[in-house]
Amino acid sequence: MQPLSPEEIRASFINCSKGEATRLPLPRDLAATAWEHLDFLGWRDPGAPAAAYLVAQEPEGPVGLTLRLSSERRATGRKNMCSLCLTVHSTTDVALMVAPRPGASGRAGNTVGAYLCVDLACSLYARGRKRPERVQPEETLTPEQKVARLEVNLATFLRRVRG
């Protein structure tokens, strides 16, 4: 992913107002971000535990989404899989995150949800730069193939949100 300035990040959001985008908190360590290892920039709001944000690079430019963690909780002790990177986690490390659709549809309450890594570190998991606590299923894919799969899953999620 190409480095983005705070202004580019704020301008990228498609499912919130410009005022909301101006007020949302940016990642604390934005200056130290290892952009070359990311397929998207994802972060949580430390002041609002249910809020998360995702900014992806698309051919036409960056696209940002506001996300809300669902209050739904699955049974503990079970395993869950992120729908982007397909990393298996415990139930506390994967959550249903919902993105309002852009425009009138989103204002009317229409959302798209996906089970995502709570830390939004999918790019690092796909590249083997971060290891989940759970043992992972045996895969024969190379890290490059896992990254390509992540990119396809991310593009699909963005397309679903847009409608």
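Since the model is a prediction, treat every value here as computed from it, not as a measurement.

Draft legend 1. How the structure looks around the overall build of the protein. A tally of helices and strands in the protein yields five helices and seven strands. In sequence order, the secondary structure elements of the protein are arranged as α-α-β-β-β-β-β-β-α-β-α-α. A compact globule built from 163 residues would reach a C-alpha radius of gyration of about 15 Å, and the protein, at 15 Å, matches this within 12%. Principal-axis analysis of the C-alpha atoms gives the protein an extent of 45 × 35 × 30 Å. The proportion of buried residues among the 163 residues of the protein is 43%. Surface summary for the protein: the accessible area is close to 9,000 Å², and the carbon and sulfur share equals 51%. One finds the centroid of the 22 positive side-chain charges in the protein at a distance of 6 Å from the centroid of its 17 negative side-chain charges.

Draft legend 2. Representation of the pattern of salt bridges. Counting across every chain of the model gives six salt bridges. Salt-bridge contacts for Asp119 lead to Lys130; the nearest nitrogen and oxygen are separated by 2.7 Å. Taken together, the residues span a long stretch of sequence, with Asp119 in the loop between strand 7 (111-117) and helix 4 (122-126) and Lys130 in the loop between helix 4 and helix 5 (143-162) at a distance of eleven residues. For Lys130, a relative accessible area of 33% translates into the label partly exposed. Between Glu139 and Arg149 there is a salt bridge, and its shortest N-O distance comes to 2.6 Å. Of this pair, Glu139 sits in the loop between helix 4 and helix 5 while Arg149 sits in helix 5, and the two are ten residues apart along the sequence.

Draft legend 3. Fine view of the packing of aromatic side chains. Using the criterion set out here, one finds three aromatic pairs in the structure. Among the aromatic residues, those joined into a ring-pair cluster are Phe13, Trp43 and Tyr53.

Draft legend 4. Representation of helix 5. Given a rise of 1.5 Å per residue, 20 residues ought to cover 28 Å, and the 29 Å separating the end C-alpha atoms of helix 5 matches this to within 8%. For helix 5, the complete set of buried residues consists of Val147, Arg149, Leu150, Leu154, Phe157, Leu158 and Val161. Those residues of helix 5 that are buried are in contact with strand 1 (40-45), strand 2 (48-58), strand 3 (61-69), strand 6 (94-100), strand 7 and helix 4. Just downstream of helix 5, Gly163 is the residue with a positive phi angle, here 95°.

Cut-offs used in this document
Residues numbered from 1 in each chain as written. Predicted model: local features only at pLDDT ≥ 70, side-chain atom pairs only at ≥ 80, totals over all residues. Heavy atoms only, no water. Helix = DSSP H or I, 4+ residues; strand = E, 2+ residues; numbered from the N terminus. Rg over C-alpha atoms; globule rule 2.2 N^0.38 Å. Buried < 20%, exposed > 50% of the residue type's maximum accessible area, 1.4 Å probe, protein only. Areas by Shrake-Rupley, 256 points an atom, 1.4 Å probe, with all protein chains shown as cover. Lys, Arg positive; Asp, Glu negative; His and termini not counted. Charge placed at Lys NZ, Arg CZ, Asp CG, Glu CD. Salt bridge = Lys/Arg side-chain N within 4 Å of Asp/Glu carboxyl O. Phe/Tyr/Trp six-rings, centres within 6.5 Å; stacked < 30°, edge-to-face > 60°. Expected span 1.5 Å × (residues − 1). Contact = heavy atoms within 4.5 Å.

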